[in-house]
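# Residue-level structure breakdown
Chain residues, written in single-letter form:
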Amino acid sequence: MVDYLLDIFSGIGWLSASPNLAFVLAVTLSGLPIFLFMAVNALVAVYAERKVSAFMQDRLGPMGQGVGLHAGKWGLLQTVADAVKLLTKEDIIPASADRKLFILAPFILFIGCFVAFAGLPFNEHVVAADFNLGIFYILAMGSVGVIGVILAGYSSNNKWSLYGAMRSAAQIISYEIPAGLSLLAVIMLTGSLAFRDIVAAQTGTTLGVLPSWFIFDNPFTFFAFWLFFVAGVAEVNRTPFDLPEAESELVAGFHTEYSGMRWSFFFLTEYANMFIVAGVAALAFLGGWLSPFPGYFEGGLWGIFWFMSKAAFLIFIMMWFRWTFPRLRTDQLMRMCWKFFMPASFLTIVGVGIWDLFIR
Amino acid sequence: MGVALEKELGTVHGEEMILNIGPQHPSTHGVLRLRVKTDGEIITEIIPYIGYLHRCFEKHCENLTYEQAIPFTDRCDYIGSMNNNFGYAVAVEQLMDIKVSEKVEYMRVIVAEMNRLASHLLAIGTFGLDVGAFTPFLYCFRDRERILDLFEMLCGARLLYNYIWIGGVSHDFPVGWVEKTYDFLDYFEPKIAEYNELLTYNKIFIERSADVGVIPAEVAISYGVTGPNLRGSGVRWDIRKEETYGIYDRFDFDVPIGTGAMGSLGDCWDRYYVRLRELEESVKITRQALDSMPRDGDVHAAVPKKIRPKAGHVYSRTESPRGDLGFYIASDGSDTPIRLKMRSPAFTALSCLDEIARGWMISDVIAILGSLDIVLGEIDR
Amino acid sequence: MDFAGILTAINTKFGDGFATVDEEAAPETVQVSPSKWGELAPFLRKDDTLSFDAMMCITGIDEGAESENLAVVYNLHSMKQNHKLEVYVSTPRTAPKVPSVEQIWRIADWFERETYDMFGIEFEGHRDLRRILLPSDWEGFPLRKDYQFPDTYRGIVVDKMKEGWE
């Protein structure tokens with residue numbers, strides 16, 4: 001999108017005269033939709049989370065009749081009301097906190113997630129910045145957020161926050177590795193880091209009926225998909241891997257001392273990160289913007305629709321996890337990563353290589 | 001230290017940090033403060049500080065007549081109020097040699113077992129919550145709600161019933177209550193399988209609770225740990241069977257004990273599973289009692305006009321959902337007791353926390369605390 | 001074993017008259033002096049025929065401001081033999097001291113702390129005798145009959161109980 005805008009701007013006389021201004025304008029114009037998308041995503045996802053959890057728990061969730069003091073039809077306005085509440089809430093910074101870092105932390109976390117969004121394509125055209133190493137870029141930017149988490153935990157000057165931050169650092173850094181390695185299986189098959197090529201490699205059908213997405217390509221990629229997805233869930237701190245904010249142990253973990261708008265940035269980022277993990281999984285393994293019925297419903301807006309549906313489905317699975325599983329313990333989490341996920345992801349790489357060379 | 005953990009972590013040690021869990025903490029089941037020394041995530045020492053909810057129950061009782069103390073027993077263990085009323089009433093009746101009518105005996109057993117269901121449901125649900133599973137908690141509350149509705153229909157209160165009186169109960173069962181209770185039991189019995197599917201045999205849940213916080217039987221007895229916690233350690237000890245009070249000897253029920261099925265004997269999972277199995281037993285008892293209860297009779301027939309026991313004392317204990325609930329009552333022949341001591345099962349269960357939770361992680365301490373099923377109102381009195 | 005048997009076992013071990021029974025007031029209660037309780041407790045726990053392995057309850061009693069003594073009542077139970085025993089230990093109000101049994105029955109740790117908290121009875125040999133239910137800076141022992149209610153606690157005015165209110 002940035003390139004596209006730059007092309008347009010070069011045709012406008014006064015803008016083409018100052019390339020710096022044109023670049024800033026182009027970046028801002030493509031950044032704004034991402035920001036809006038993240039906000040809307042959080043609103044929708046929070047509402048969905050409430051309703052999904054409610055239905056799983058045999059209750060109704062937010063409900064109300066009409067607009068007024070109630071939360072709207074089916075509680076549709078509940079998250080809006082929440083957002084307004086968070087915006088108008090008193091901003092508390094603990095007296096003993098490290099003030100500068102305390103203020104900075106949520107923004108670092110948010111920025112890490114925001115820049116990652118830039119590389120995420122919604123269909124073959126709609127992408128803020130079309131890199132030729134998009135998948136690598138997103139993985140790299142995804143780890144920037146952990147600095148924000150550690151800063152938040154450290155600067156709060158609260159022992160619970162510190163525990164949350166330490167757990168988070170250990171967890172996110174550990175699970176980056178299996179997540180990256182399982183994506184490597186896909187990269188081996190396509191020979192490219194660009195999402196455009198990865199998705200293009202998944203067109204057509206396998207065995208006549210199944211779309212030839214990488215998840216159906218061979219048993220090892222099928223396995224790699226679940227490895228990536230579970231490691232991704234661990235990276236975004238969702239149950240059963242929500243140790244950094246384990247509410248029954250660490251009160252609220254690294255964001256114990258945060259409230260109001262600053263806290264809502266953590267929240268926004270959590271849901272945006274979920275979307276990124278779901279989006280990358282959809283692009284790399286589920287054919288991205290490709291239709292599940294090869295040859296039908298393809299191209300243009302259909303692409304966005306399919307991509308969003310796949311991502312939404314994966315987010316739904318994450319919610320399903322959350323409302324079903326208990327939480328692991330720190331050592332169990334680490335053991336699972338290093339003793340199971342790591343060897344398994346190496347195995348997928350070797351397996352995919354062998355499959356591609358000899359069996360295909 | 002847990003053997004598995006020790007193997008895993010070797011001899012890596014860092015600086016010790018003092019951490020206060022509570023009194024404002026989501027998982028201490030009330031206002032409990034644990035001052036723990038931690039080495040990283042590992043706990044090296046736990047000192048429980050209790051008394052935040054001390055409401056001078058025993059001092060109050062010295063200034064109250066015997067029947068006025070009943071509402072105070074409600075407020076001690078607010079999760080198992082019926083059983084507290086029952087225990088207190090049994091103690092005073094023993095002191096005064098009161099024989100209550102057949103119908104009242106049945107009614108007491110019914111409400112006490114229903115209350116045990118409600119209490120165990122809360123224990124199971126919050127234990128799930130403590131290890132991070134949110135949904136079983138709400139499933140348990142959904143079913144507990146129905147029991148509370150029944151109690152509301154019975155005596156107007158949902159938590160603090162003041163239902164069992166000395167020599168009787170406050171109200172007869174209202175019209176339709178027995179049928180509704182049957183309906184509830186029919187509805188509830190299949191739900192136990194649902195808890196099993198959702199939580200009991202969940203791999204992560206087993207990982208978190210099996211082998212964790214083992215209480216060996218001797219330690220449990222020495223610490224006075226009773227009730228489901230003691231049975232979880234494999235000791236078949238239930239006051240309802242061993243020192244029958246009321247009419248518990250007429251019912252056919254089992255006393256489930258821990259077997260170490262998922263880990264070692266006396267771990268958190270065993271304690272949890274004993275509670276779950278006791279749900280079935282309580283349903284069984286309630287059903288039998290409803291079947292054979294005499295339908296007519298005056299529930300106030302044996303209520304004494306004036307409660308003035310002769311000088312003497314009594315120590316009687318009953319099986320509350322949390323264990324041996326003892327009442328030591330000393331009377332000097334006046335309207336008020338000179339001493340009324342409540343031996344609370346949660347108090348004794350909490351006292352062994354340091355012994356069993358030392359060397360485990362912060363997460364495990366929360367799980368162990370949840371598996372002990374403490375009620376702070378009863379510990380602090 | 002019934003009460004008479006337990007009493008005989010105790011008196012056989014320590015000699016006649018070691019433990020007394022007040023037949024009228026408390027027929028099933030063994031009464032011993034504090035110093036004798038120190039010897040009796042390990043015997044009750046360890047003896048194979050008695051083997052009182054569970055301490056059910058420890059209760060402090062103040063029988064009235066005019067009485068000169070405070071008392072501690074121990075309710076014991078044997079899980080193995082399934083018999084019970086109540087031991088009544090009386091101690092002077094001015095200097096109430098009873099030997100601790102905290103290392104014999106671990107639960108006695110907290111029960112004795114509670115009794116100390118409420119009655120000020122000192123348990124000799126207890127390794128960690130602190131207040132348990134009341135704040136550590138509380139003055140006086142509330143369950144004693146001669147306890148004076150404080151007017152203030154840390155500057156908080158304590159309301160008096162209304163006269164004639166029951």
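Heads up: the structure comes first, above all this text.
Keep in mind the model is a prediction, meaning the values are calculated, not measured.

How each quantity is defined
- Residues numbered from 1 in each chain as written.
- Chains lettered and ligands numbered in written order.
- Predicted model: local features only at pLDDT ≥ 70, side-chain atom pairs only at ≥ 80, totals over all residues.
- Pairing = 2+ DSSP bridges.
- Helix = DSSP H or I, 4+ residues; strand = E, 2+ residues; numbered from the N terminus.
- Axes fitted to C-alpha atoms, helices over the stretch in contact; angles between N-to-C directions.
- Buried ≥ 20, exposed ≤ 12 C-beta atoms within 10 Å, placed from the backbone.
- Contact = placed C-beta atoms within 7 Å.
- Nonpolar A, V, L, I, M, F, W, Y, C, P; charged D, E, K, R; others polar.
- Parallel < 35°, antiparallel > 145°, perpendicular 65-115°, else oblique.
- Left-handed = near helix turned anticlockwise from the far one by under 90°.
- Expected span 1.5 Å × (residues − 1).

Let us now look at the sheet that holds strand 2 (residues 33-39) of chain B. All names here are of chain B. With antiparallel pairing, the three strands of this open sheet are ordered in space as 1-2-3. Looking at which strands have only one partner, the edges of the open sheet turn out to be strand 1 (16-21) and strand 3 (42-49). For this sheet, the mean inter-axis angle between neighbouring strands, taken without regard to orientation, is 20°. As paired elements, strand 1 and strand 2 share six bridges and run antiparallel to each other. If you follow Ile18 over to strand 2, its bridge partner there is Lys37.

Turning our attention to unusual backbone geometry. A positive phi angle, close to 55°, is found at Asn157(A), a residue other than glycine. Relative to the assigned elements, Asn157(A) resides in the loop between helix 7 (145-155) and helix 8 (159-190). The exposure class assigned to Asn157(A) is partly exposed, which follows from the 16 C-beta atoms found within 10 Å. The phi angle at Asn82(C) is positive, at roughly 55°, despite the residue not being glycine. Mapped onto the elements, Asn82(C) comes out in the loop between strand 4 (69-77) and strand 5 (84-92). The class for Asn82(C) is exposed, based on 11 C-beta atoms found within 10 Å.

A separate point is the interface of chain A and chain B. At the junction of the two partners, chain A supplies 22 residues and chain B supplies 29 residues. Of the residues forming the side of chain A that touches chain B, the biggest block, three residues, is contributed by helix 13 (residues 330-359) of chain A.

Once that is clear, we can look at the environment of Met188(A). Residues and elements named next belong to chain A. The topology assignment puts Met188 in helix 8. Assessed through the 14 C-beta atoms surrounding it within 10 Å, Met188 is described here as partly exposed. Each C-alpha atom of the pair Met188 and Val352 lies 8.0 Å from the other, and the pair is 164 residues apart in sequence. Sequence-distant contacts of Met188, defined by excluding residues within four places in its chain, comprise Ile349, Val352 and Gly353.

Contacts between the two partners involve 27 residues from chain B and, on the opposite side, 24 residues from chain C. Sorting the residues of the side of chain B that touches chain C by element identifies helix 2 (57-62), helix 9 (217-222), strand 6 (312-320), strand 7 (323-331), strand 8 (339-343) and helix 13 (345-351) of chain B as the ones contributing at least two each. Per-element accounting of the side of chain B that touches chain C gives the leading share, four residues, to strand 7 of chain B. Considered class by class, the residues forming the side of chain B that touches chain C number 10 nonpolar, eight polar and nine charged.

The next subject is the sheet that holds strand 6 of chain B. All names here are of chain B. Reading across the sheet, the three strands line up as 6-7-8 and stay open at both edges, with antiparallel pairing between neighbours. Two strands bound the open sheet, and with one partner strand each, they are strand 6 and strand 8. Across this sheet, the average inter-strand angle for adjacent strands is 10°, counted without regard to direction. With nine bridges joining them, strand 6 and strand 7 adopt antiparallel strand pairing.

All names here are of chain A. Two elements in contact, helix 10 (residues 219-235) and helix 13, have axes separated by 9 Å at closest approach and are oriented at 150°. Judged by the inter-axis angle, helix 10 sits roughly antiparallel to helix 13. Crossing handedness for the pair helix 10 and helix 13: left-handed. When helix 10 is examined against helix 13, the residues Phe220, Thr221, Phe223, Ala224, Leu227 and Ala231 are found in contact with a partner set consisting of Phe341, Ala344, Ser345, Thr348, Gly351, Val352 and Trp355. Looking at the contact of helix 10 with helix 13 residue by residue, the class counts come to nine nonpolar, four polar and no charged.

Once that is clear, we can look at helix 5 (residues 102-130) of chain B. Residues and elements named next belong to chain B. Compared with the 42 Å implied by 1.5 Å per residue over 29 residues, the 42 Å span of helix 5 between its first and last C-alpha is a close match. Counted residue by residue, helix 5 has 27 buried out of 29 residues, so it is predominantly covered. Backbone geometry just after helix 5 places Gly132 at a positive phi near 100°.

Take the arrangement of the chains next. Of all two pairs of chains in contact, the one with the most contacts involves chains A and B. Over all C-alpha pairs, chain A and chain C never come within contact, reaching a minimum spacing of 25 Å.

So far we have only geometry, and geometry alone does not tell us how the molecule works.
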